Structures are given as C-alpha cells and as structure tokens.
Amino acid sequence: MLPHPTRTDRIGLGYLEYYPPHKTYHPGIDYNYGPTPNADLGQDVVSPTWGVVEYVSPEGTNGGLGSYLVIRHPRHGVWTRYLHLEEVLVTVGQKVAPEERVGLLGSAGTTSAHLHFEVLNAKGLTFIKDWWRPYGRYSSGLPKKTVASLTLDPEKWLK
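Note that the structure is predicted; figures quoted are calculated from it, not measured.

Asks: Just give me the short version of the pattern of salt bridges, but keep the residues and values in it.
Replies: A full pass over the atoms with the stated rule returns 4 salt bridges. The partner of Arg101 in a salt bridge is Asp44, and the shortest N-O contact between them spans 3.0 Å. Here Arg101 is found in strand 10 (residues 101-105), whereas its partner Asp44 is found in strand 5 (residues 44-46), with 57 residues between them in sequence. We classify Asp44 as partly exposed; its relative accessible area is 34%. A salt bridge links Arg72 to Glu54; the nearest nitrogen and oxygen atoms lie 3.8 Å apart. Of this pair, Arg72 sits in strand 7 (residues 67-73) while Glu54 is found in strand 6 (residues 51-56), placing the two residues 18 residues apart along the sequence. Judged by relative accessible area, which is 32%, Arg72 ranks as partly exposed.

Set out below in structure tokens:
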C-alpha cells in the first residue's frame, strides 16, 4: 500500500461525487484533517511513490486550483496532481522518493484548507495540459463517464 499524500481523518468530496458549484463529477479526492476547516493548514504533502516532478504552477491563486504541482510516476504509468498548496517545495525535473515532502497543504484558490489529490492516466494528462493554464484544466461540465476515463480512483490506486 502506498502512503496517503497527506495526513487525513476524513474525506471531503469523494471521487466522482457530483460537485454542483463547478457542474462536474469530482476527478479526485479532497483530504481533510482536524476538527476545524483550517486545522490542516501547512501540513506536509508527500509523494506516495517514486516520481519526477513534471509541472509546478506559478505563484498565485491560479483560479480555483491555487498553487499546484504534477508528478509523473513512470513505474505506474500515471501522473498525480496536488491542488490548493500553500507552498510547493520541489522543482520541475526533480526526482522524488516515496513519502518525500513535495509541498505544504493550503487553502489557495478555495475557502478552507484541504488537499485535492488526483491520479491521471495518459488521456487525463493530455486533457489537463490542453488549456490556457498549463496543467490546470478542470473537468467542469463533463459527463461522469468522461471524467472516469481521464482519472483513476485515488483511494484504489493508493492500495
């Protein structure tokens, strides 16, 4: 079993749960920790397995995504995306090990601190790259079946 990308005691939005404000089926999992909305602010975010940092967003809110990064995991043939970070601690091209700190959990681009974590297949990577905000496209308006074809269930992948 791979480690979770952050300490968590509950899941906010689950995988493929309908998210009305963005008219989408949620392409990842929102990990939350603690009794208050910002209890997990500044908590470590780690890579669940070996990988190479493929993208780090520029500083700023980047819309509703906040600061974010994408890691390629060649041994697994997937990419992981980490949204709403307070700070990114890695650079593009950097190799990361399992449980290595890659960022600090934040609330950038959202109303309360949490980690939005996605696992993308090759089709999903092409989808998020093909937009005006590099690696920042979100699945708003897509049918559930389409969102499922771009992503993997993070909880199942971590097991």
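Moving on, there is more to tell.
Asks: Could you give an account of the packing of aromatic side chains, with specific residues and numbers?
Replies: In this structure the tally under the stated criterion is 6 aromatic pairs. Ring plane angle 40 degrees and centroid distance 6.3 Å describe the contact between Tyr31 and Phe117, whose orientation is recorded as tilted. In this pair, Tyr31 is assigned in strand 4 (residues 29-32) and Phe117 in strand 11 (residues 115-120), connecting sequence segments 86 residues apart. Neither Tyr31 nor Phe117 differs from the other in exposure class; each is buried. Measuring from centroid to centroid gives 5.3 Å for Tyr82 and Phe117, while their planes differ by 55 degrees, and the two rings are tilted. One end of the pair, Tyr82, is in strand 8 (residues 78-88); the other, Phe117, is in strand 11, with 35 residues separating them in the sequence. Taken individually, Tyr82 and Phe117 each receive the classification buried, so the pair is uniform in this respect. Through a chain of ring-to-ring contacts, three or more aromatic side chains come together here, namely Tyr31, Tyr82 and Phe117.

Asks: Could you give me a rundown of empty space enclosed by the protein, with the residues and numbers involved?
Replies: Across all of its chains, the model carries 1 cavity of 30 Å³ or more by this definition. What the largest cavity holds in volume is close to 60 Å³. Sorting the residues of the lining of the largest cavity by element identifies strand 11, helix 1 (122-129) and helix 2 (144-150) as the ones contributing at least two each. Here the residues of the lining of the largest cavity are counted per class, giving 7 nonpolar, 2 polar and 3 charged.

Asks: Can you lay out unusual backbone geometry for me, pointing to particular residues and giving the numbers?
Replies: Of note in the backbone geometry, Leu16 takes a positive phi value of approximately 60 degrees without being a glycine. Relative to the assigned elements, Leu16 resides in the loop between strand 1 (10-11) and strand 2 (18-19). Its identity as a non-glycine residue notwithstanding, Glu99 has a phi of 65 degrees, on the positive side. Positionally, Glu99 belongs in the loop between strand 9 (95-96) and strand 10. When its relative accessible area of 54% is taken as the criterion, Glu99 is described as exposed.

Asks: Can you explain the side chain of Ser139? Please cite residues and give values.
Replies: One can find Ser139 in the loop between helix 1 and helix 2. Accessibility expressed as a relative area gives 4% for Ser139, which makes it buried. With sequence-adjacent residues up to four places away left out, Ser139 is seen in contact with Thr24, Tyr25, Pro27, Phe127 and Val147.

Parameters and conventions
- Residues numbered from 1 in each chain as written.
- Predicted model: local features only at pLDDT ≥ 70, side-chain atom pairs only at ≥ 80, totals over all residues.
- Heavy atoms only, no water.
- Salt bridge = Lys/Arg side-chain N within 4 Å of Asp/Glu carboxyl O.
- Helix = DSSP H or I, 4+ residues; strand = E, 2+ residues; numbered from the N terminus.
- Buried < 20%, exposed > 50% of the residue type's maximum accessible area, 1.4 Å probe, protein only.
- Phe/Tyr/Trp six-rings, centres within 6.5 Å; stacked < 30°, edge-to-face > 60°.
- 1 Å grid on protein atoms, 1.4 Å probe; cavity = no way out; pocket = protein on both sides within 12 Å on 5 of 7 lines; lining within 4 Å.
- Points joined across faces, edges and corners; volume = space filled by probe spheres on them.
- Nonpolar A, V, L, I, M, F, W, Y, C, P; charged D, E, K, R; others polar.
- Contact = heavy atoms within 4.5 Å.

Remember that the coordinates give geometry; whether it matters functionally is a separate question.
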